[in-house]
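# Survey of secondary and tertiary structure
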Amino acid sequence: MIRIFKAGAHIRRSPLSYPALAPLFDSHIEEAATPDSADLYVFSHILDIENAPRELVEDWRQRRRPIVLLSEEPFWDTLWGRQPLARHRLADSPWGRLPVHQLTHHSSTVFRFERIPYYLLTNHRFANAYAAKFARNARQTPAGWRRAFLQRRSDLAFLFERREGAHHSLRWPEGDTVGLCHWRTQIAETCRRGRVERLGRSWQPERPARGQLADWHLDKLALLDGHARAIGAIENTHQPNYITEKLFDAFACGALPAYTASPRHRIHDLGLTTDSWLNLHGLSAAQAAARLDGLDWGNAAWLERTCEAYACAQQALSALLGNPRNWLRERARLQAALLAEFRSILDQGHTAWPDLSAA
């Protein structure tokens, strides 16, 4: 049994904090009530380490138990952490510099999914919703998709946080990691052709915030299902292993997803042909908006090719996300990977630490 002390305002966003994942770790990890009874201190955000409680830091000085940043969010790792590729780092705190073992999408196998991306495991609502939606969609023929696309009332819909500023565009080329928030906001603001909808609290202040909804994901699917021909499904951050619900929601709602993925991105492992979604990788915001504005739904040859690929993608996603064995295997992989990481950190010894004098 590994005893951990969880700390910080963001700790609820952790593989160890989701009720859906709790059974994976109940027999292996025990939560300590105080730092002095823990084998590991676990945080989810670098800011929480930088503001670590004094009693934890004092206990670390006495016992040198490892400090772990278990971060599921590349957006946090890039914008605040500024070292998303590092396995080991130093973090500043009011009580001095603290050595940190960093488990991120880049540095750890925890988030390196086999078939189903990590984020979809964090709540059973994803499996339940996708099983029903993709079973329905898989029955649609290419001709049926053609009719559906042409009958939609909206050409393009965006539903993501509006975040502006160049500070959202940080890049780590060696890790194929790029901040996308500013870029995707510019795209949404620039698209003009046809009926373009910008949805959500960032664009519609009268709408409730996501946290105020009983089930934000159900609300999103109800809002977008059968609504638009194309949906902007761009992540906060481009990182090869990082895929959230956005891409799957666009497909589930019967829309052509607009995404961005380099050749190294794991979307290419999902069995979706490139004609079934729009890849905006390598384009400026103006170029990406022009491509979306230039979609010619009256081009019979393009629409036929797209609908053939789209029908195949829906069948592939139904087979992937509608099979309970895939979810169970991915949960088992996550369990094994996280426990292996924690045991590896403990095996290194409490005082051993790489030379970070140049950090």
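The preceding data block contains the structure.
One structure accompanies this document, and this report is about it. (Residues numbered from 1 in each chain as written. Predicted model: local features only at pLDDT ≥ 70, side-chain atom pairs only at ≥ 80, totals over all residues. Heavy atoms only, no water.)

It is worth spelling out the overall build of the protein at this point. Looking only at helices and strands, the protein features twelve helices and 14 strands. In terms of C-alpha radius of gyration, the protein reaches 22 Å, essentially the compact-globule figure of 21 Å for 359 residues. A principal-axis box enclosing the C-alpha atoms of the protein has dimensions of 70 × 40 × 40 Å. When burial is assessed residue by residue, the protein has 55% of its 359 residues classed as buried. Taking as baseline every contact in the protein between residues at least 6 positions apart, the subset at least 24 positions apart corresponds to 75%. Entry remark: accessible area of the protein is about 15300 Å², with carbon and sulfur atoms responsible for 49%. (Helix = DSSP H or I, 4+ residues; strand = E, 2+ residues; numbered from the N terminus. Rg over C-alpha atoms; globule rule 2.2 N^0.38 Å. Buried < 20%, exposed > 50% of the residue type's maximum accessible area, 1.4 Å probe, protein only. Contact = heavy atoms within 4.5 Å. Areas by Shrake-Rupley, 256 points an atom, 1.4 Å probe, with all protein chains shown as cover.)

Any two side chains of opposite charge can pair if their charged atoms end up close together. Inspection of every chain in the model, using the stated rule, returns 21 salt bridges. A salt bridge links R13 to E72; the shortest N-O distance between them is 2.7 Å. Within this pair, whereas R13 is found in the loop between strand 1 (2-6) and helix 1 (22-25), its partner E72 is found in the loop between strand 4 (67-70) and helix 4 (74-81), the two being separated by 59 residues in sequence. Classification of R13 by relative accessible area gives partly exposed; the value is 26%. In this structure, E245 engages K220 in a salt bridge whose closest nitrogen and oxygen atoms are separated by 3.5 Å. Of this pair, E245 sits in helix 9 (residues 245-252) while K220 sits in helix 8 (residues 216-224), placing them 25 residues apart in sequence. Comparing E245 with K220 shows no difference in burial state: the two are buried. Here the salt bridges do not stand alone but share partners, grouping R13, E72 and E73 into one network. (Salt bridge = Lys/Arg side-chain N within 4 Å of Asp/Glu carboxyl O.)

Moving on, we come to the sheet that holds strand 10 (residues 196-199). Across the sheet, five strands lie side by side as 10-7-11-13-14; this open sheet has parallel pairing. Among the strands making up the open sheet, the edge pair consists of strand 10 and strand 14 (278-279). With four bridges connecting them, strand 7 (residues 154-159) and strand 10 associate as parallel partners. Along strand 10, the bridge assignment pairs F158 with R198. The strands touched by helix 8 within the sheet are strand 7, strand 10 and strand 11 (228-232), with strand 7 carrying the most contacts at an inclination of about 165°. (Pairing = 2+ DSSP bridges. Axes fitted to C-alpha atoms, helices over the stretch in contact; angles between N-to-C directions.)

It is worth spelling out the side chain of K133 at this point. Tracing the backbone through its elements, the reader meets K133 in helix 5 (residues 124-138). Here the side chain of K133 touches D225 through a polar contact of 3.0 Å, side chain to side chain. With near-sequence residues (within four places) excluded, K133 lies in contact with L221, D225 and A252. (Polar contact = N/O pair within 3.5 Å; in protein donor to acceptor, adjacent residues only side chain to side chain.)

Below, the discussion takes up the nonpolar core. Core analysis: the biggest nonpolar cluster contains 89 residues, and I187, L292 and F342 have the highest contact counts within it. Counting residues per element, this core draws most heavily on helix 11 (residues 300-321), which supplies nine residues. For L292, the residues in contact, after removing those within four places along its chain, are L156, F158, I187, C191, A258, L278 and L280. If you look at the next biggest cluster of nonpolar residues, it comprises 17 residues, including A32, F43, V57 and A91. (Core = buried A, V, L, I, M, F, W, Y, C linked by side-chain atoms within 4.5 Å.)

The strand order across the open sheet built from six strands is 2-1-3-4-6-5, with neighbouring strands paired in mixed fashion. Lying at the two open borders of the sheet, with one neighbouring strand each, are strand 2 (29-31) and strand 5 (88-91). Sheet twist, expressed as the mean angle between neighbouring strand axes with direction ignored, is 40°. With three bridges joining them, strand 1 and strand 3 (residues 40-43) adopt parallel strand pairing. Across the sheet, I4 pairs through a bridge with L40, a residue of strand 3.

Turning next to the pairing of strand 6 (residues 98-103). Within strand 6, six of the six residues are buried, leaving the element largely enclosed by the surrounding structure. Residues of strand 6 alternate between two faces, with L98, V100 and Q102 on one and P99, H101 and L103 on the opposite face, all of them buried. Direction of pairing for strand 4 relative to strand 6: parallel, over a ladder of three bridges. The partner of L70 across the bridge, within strand 6, is L103. Where strand 5 meets strand 6, four bridges bridge the pair, whose relative direction is antiparallel. What sits directly across from A91, in strand 6, is L98.

Before going further, it helps to spend a moment on the packing of aromatic side chains. Taken as a whole and judged by the stated rule, the model has 15 aromatic pairs. With centroids separated by 5.5 Å and ring planes inclined at 55°, the aromatic side chains of Y119 and F126 adopt a geometry described as tilted. Here the aromatic rings of W145 and Y310 are separated by 4.9 Å at their centres, their planes lie at 85°, and the arrangement is edge-to-face. Of this pair, W145 sits in helix 6 (residues 142-151) while Y310 sits in helix 11, placing them 165 residues apart in sequence. We classify W145 as buried; its relative accessible area is 3%. It is R64 that lies over the ring of W60; its NZ or CZ is 4.1 Å from the centre. Here R125 stacks its cationic end above the ring of F126, 5.7 Å away from the centre of that ring. (Phe/Tyr/Trp six-rings, centres within 6.5 Å; stacked < 30°, edge-to-face > 60°. Lys NZ or Arg CZ within 6 Å of the ring centre and 35° of its normal.)

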